Amino acid sequence: MFQRSLAIFQSFLKEDPSYSDLVSVITPESSNPSLADLRIPTAAGAFLQKHAASVWPYKLVAWMLERLLDTNENGALNFNLQTNTAVTHLQKSSDGSWIVHTPRGMIAAKKVLLTTNAYTSHLLPEFSDLIVPVRGEMSSLIPPPTMKPGNDENPPFEISYGFIGNGRQNRHQDDYLIQRPYSKDNSTGGELMFGGGRSYAAKAGLGVSDDSSIDEPSAEYLRREITVVVDIKSEEKELKASYEWSGIMGYSRDDRPWVGELTEELGLGGGKGLFVCAGFTGHGMPNTCLSGKAAVDLMLGKKSEEVDLPESYCLSKERLVKARVLDEVHIVDAKG
């Protein structure tokens, strides 16, 4: 897997040599930094991305919500969020608007955006082969007591990690690790946010849309494997988890999000005024914000060529035909 990734990276360099300013390749022969310096001495190799970032999703969403609520000051009602209000059905009315059915009643709108990701086919069954729910496992692990700021022999991580090809996991079943900061007095914090282990789940989590429970084999893998993939000098072979949870991802048949208007000629059960922004295949954080902005631009009347959106993300009849020639999601995932 490393050699194949290296070949891809080298092809990028031929197209644009400036990629070397963004990414460094670390091999077992490398020094300053070496794989041991990166605390992954057993890895086959690594790609060090200098301008990557990690984010605390809950804090980001809370900040966005606060900003939106601030627009309602001085009696203005620009923003309205209805929580615990599941959409159960969509209905096209005779005047061309969409009626959104919920357990709390109905609401009509000229335009509706589905940001439903893995659950899109619940409202549009025609999407069932295009966006498939996949359950992923996540953990908040308590670091070893020696892993504290100021301990030069076992300091906290300065970088975040993505692990590909560990154990029996294929390319699609990657793990990732981000460490949270410690408190000012170093008494709390520092949790190791470690997610993945999907190959250990039943059917690799494919087709699972219920996140009310965790996947026990995957959870055990995360608690134990973290001491193997990174050097954290743990005396215990299994870390304790302060929290464990699962989440449902929406895997796209052609590996790209679906963003745009669900016009009737697509045959996906939509119609004029119904838009979708879904299918992020486990890569939502780097894709959802600008995809959502593009969807709103389209709703406000901009033409597709005026919107900042990769062509491979756009809804079209041609893309739909090509996607359905590809292997189904569960086959692609098994092949890696």
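Let me sum up the structure you'll find in this document. (Residues numbered from 1 in each chain as written. Predicted model: local features only at pLDDT ≥ 70, side-chain atom pairs only at ≥ 80, totals over all residues. Heavy atoms only, no water.)

Structural notes on the packing of aromatic side chains
To be explicit about the condition: Note on ring pairs: Phe, Tyr and Trp rings are taken, using the six-membered ring of Trp, and paired if centres are within 6.5 Å. Classes follow the plane angle, with under 30 degrees stacked, over 60 edge-to-face and the rest tilted. Counting from the N terminus, the helices are DSSP H or I runs at least four residues long and the strands are E runs at least two residues long. Exposure classes here rest on a 1.4 Å probe applied to the protein chains alone. A residue is buried below 20% of its type maximum, exposed above 50%, and partly exposed in between. Only Lys NZ and Arg CZ are tested; either one counts as a charge over a ring when it is within 6 Å of the ring centre and within 35 degrees of the ring normal.
One pass over the full model with this rule turns up eight aromatic pairs. Aromatic side chains Phe-9 and Phe-47 sit 5.9 Å apart centroid to centroid with 65° between the ring planes, which places their arrangement in the edge-to-face category. On the criterion of sequence distance, the pair formed by Phe-9 in helix 1 (residues 2-15) and Phe-47 in strand 2 (residues 46-49) is long-range, its members being 38 residues apart. Using a relative accessible area of 10% as the deciding quantity, one classes Phe-9 as buried. Overall, Phe-47 belongs to the partly exposed group, its relative accessible area being 36%. An angle of 85° between the planes, with centres 6.2 Å apart, marks the rings of Phe-127 and Trp-258 as edge-to-face. One end of the pair, Phe-127, is in the loop between helix 3 (120-123) and strand 7 (131-141); the other, Trp-258, is in strand 12 (residues 258-261), and 131 residues separate them in sequence. The exposure class assigned to Phe-127 is buried, which follows from its relative accessible area of 0%. One aromatic cluster in this structure is built from Phe-157, Tyr-161, Phe-163 and Phe-194. The lysine or arginine in question, Lys-59, covers the ring of Trp-56, its NZ or CZ lying 4.2 Å from the ring centre.

A short note on the environment of Leu-65
Of note, Leu-65 is situated in helix 2 (residues 57-70). It is 26 Å that separates the C-alpha atoms of Leu-65 and Leu-192, two residues lying 127 residues apart in sequence.

A look at the sheet that holds strand 5 (residues 105-109)
Condition: Strand pairing is defined by DSSP finding a minimum of two bridges between the two strands. Each axis is a line fitted through C-alpha atoms, taken for helices only over the stretch in contact, and angles between the N-to-C directions span 0 to 180 degrees.
Taken in spatial order, the three strands of this open sheet run 3-4-5, and their pairing is antiparallel. The open sheet has two free edges, formed respectively by strand 3 (89-92) and strand 5, since each of these has just one partner strand. Adjacent strand axes in the sheet meet at a mean angle of 25° when their direction is disregarded. Here strand 3 runs beside strand 4 (residues 98-102); their pairing, made up of four bridges, is antiparallel. Residue pairing across strands places His-89 opposite His-101, the latter belonging to strand 4.

A look at unusual backbone geometry
With an omega of 10°, the peptide bond running from Asn-32 to Pro-33 counts as cis. With respect to the helices and strands, Pro-33 occurs in the loop between strand 1 (23-26) and strand 2. In this structure, Asn-84 takes a positive phi of about 50° despite not being glycine. Secondary-structure assignment places Asn-84 in the loop between helix 2 and strand 3. If you check the backbone angles, Asp-255 has positive phi at about 70° while not being a glycine. Looking at the element boundaries, Asp-255 is found in the loop between strand 11 (241-252) and strand 12.

Things to note about the pattern of salt bridges
Heads up, the rule is: Just to be clear on terms, a salt bridge is a Lys or Arg side-chain nitrogen sitting within 4 Å of an Asp or Glu carboxyl oxygen.
Overall, the coordinates contain 13 salt bridges when judged by the stated rule. Residues Asp-215 and Arg-135 are paired through a salt bridge, measuring 3.6 Å at the closest nitrogen-oxygen approach. Taken together, the positions of Asp-215 in the loop between strand 10 (192-195) and helix 4 (216-229) and Arg-135 in strand 7 put the pair 80 residues apart, joining distant regions of the chain. Per residue, the accessibility class of Asp-215 equals that of Arg-135, and both read buried.

Here we look at helix 1
To keep things clear, this is the line we draw: How far a helix is expected to stretch is found by multiplying one less than its residue total by 1.5 Å. The contact definition used throughout considers only heavy atoms, calling two residues in contact when any of these lie within 4.5 Å.
Between its first and last C-alpha, helix 1 extends 20 Å over 14 residues, near the 20 Å set by a 1.5 Å rise per residue. Buried residues belonging to helix 1 abut strand 1 and strand 2.

A few points about the sheet that holds strand 7
In space, the five strands of this open sheet follow the order 8-9-10-7-11, with antiparallel pairing throughout. At either margin of the open sheet sits one strand with a lone partner, and together these are strand 8 (161-163) and strand 11. Going across the sheet, the axis of each strand differs from the next one's by a mean of 20°, ignoring polarity. Examined bridge by bridge, strand 8 and strand 9 (residues 175-179) share three bridges and lie antiparallel to one another.

Digging into the pairing of strand 5
Strand 5 sits mainly on the outside: zero of its five residues count as buried. When strand 4 meets strand 5, the two strands line up antiparallel, connected through five bridges. Its bridge partner lying in strand 5, Val-100 is registered against Ile-107. The antiparallel hairpin formed by strand 4 and strand 5 contains two residues in its connecting segment.

Overview of a nonpolar patch on the surface
Selection criterion: Like charges are joined within 9 Å and nonpolar side chains (Val, Leu, Ile, Met, Phe, Trp, Tyr) within 5 Å, but only among residues with over 30% relative accessible area and no salt bridge; these make up the patches. Methods summary: accessible areas were calculated by the Shrake-Rupley approach with a probe of 1.4 Å, and residue burial reflects only the protein chains presented.
Together, Ile-8, Phe-12, Tyr-19 and Leu-22 make up a nonpolar patch on the protein surface, roughly 330 Å² of accessible area in all. With respect to the element layout, Leu-22 can be found in the loop between helix 1 and strand 1.

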